[in-house]
Amino acid sequence: MNVPELVHLAVLLLMAVAGFYAVWFKNLVSAVISLAVLSLLLSVEFYILQAPDVAIAEAGIGAGLTTAIFVIALRACHKEDPRNRRNSR
């Protein structure tokens, strides 16, 4: 095995680990961060496979924008959680 094949396999292994942790974490913010790491690793994989335009799109949209939307949605859901409100009666 040469070095590019080892890098390719290492990125794939790290993607599998990040995907496992995205499902494993009970804390939703940690799961979202794990998904962002997975998306960044996927963009590295696209770059290794000689598709830099797809890699840039995945990094920008997949890792950046999607992560921001998930975090904003989590913050909005946390504010609306009825268990956190005091009894107003």
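Described in the following lines is the structure provided in the data block.

Quick notes on the rules
Residues numbered from 1 in each chain as written. Predicted model: local features only at pLDDT ≥ 70, side-chain atom pairs only at ≥ 80, totals over all residues. Heavy atoms only, no water. Helix = DSSP H or I, 4+ residues; strand = E, 2+ residues; numbered from the N terminus. Expected span 1.5 Å × (residues − 1). Contact = heavy atoms within 4.5 Å. Buried < 20%, exposed > 50% of the residue type's maximum accessible area, 1.4 Å probe, protein only. Phe/Tyr/Trp six-rings, centres within 6.5 Å; stacked < 30°, edge-to-face > 60°. Polar contact = N/O pair within 3.5 Å; in protein donor to acceptor, adjacent residues only side chain to side chain.

### What about helix α1 (residues 3–24)?
Phase 1: With 22 residues, α1 should reach 32 Å at 1.5 Å per residue; the first-to-last C-alpha distance of 31 Å fits that figure.
Phase 2: Where α1 is buried, its residues contact α2 (28–48).

### Focus: unusual backbone geometry
Backbone phi values are negative for most residues with the exception of glycine, while trans is the configuration of most peptide bonds.
Phase 1: We note that Q50 has phi near 65°; this positive angle belongs to a residue other than glycine.
Phase 2: With respect to the secondary-structure elements, Q50 resides in the loop between α2 and α3 (52–79).
Phase 3: For Q50, a relative accessible area of 71% corresponds to the exposed category.

### Side note on the packing of aromatic side chains
Phase 1: According to the stated counting rule, one finds three aromatic pairs in the structure shown.
Phase 2: Aromatic pair Y21 and F25: ring centres 5.4 Å apart, planes at 15°, arrangement stacked.
Phase 3: Through successive ring pairs, a cluster of aromatic residues spans F20, Y21, W24 and F25.

### A closer look at the environment of A68
Phase 1: Considering the arrangement of structural elements, one finds A68 in helix α3.
Phase 2: Overall, the relative accessible area of 36% leaves A68 in the partly exposed class.
Phase 3: Distance from A68 to A36, taken between C-alpha atoms, is 9.6 Å for residues 32 residues apart in sequence.

### Observations concerning α2
Each turn of an α-helix holds 3.6 residues, which means side chains three or four residues apart point in the same direction.
Phase 1: Helix length check: α2 (21 residues) gives 30 Å between terminal C-alpha atoms against 30 Å at 1.5 Å per residue, within 8%.
Phase 2: The set of residues buried in α2 consists of A31, V32, S34, A36, S39, L41, S43 and E45.
Phase 3: Its side-chain oxygen 3.3 Å from the backbone nitrogen of V29, N27 forms the N-cap of α2.
Phase 4: Of the residues flanking the end of α2, it is Q50, one or two places downstream, whose phi is positive at about 65°.

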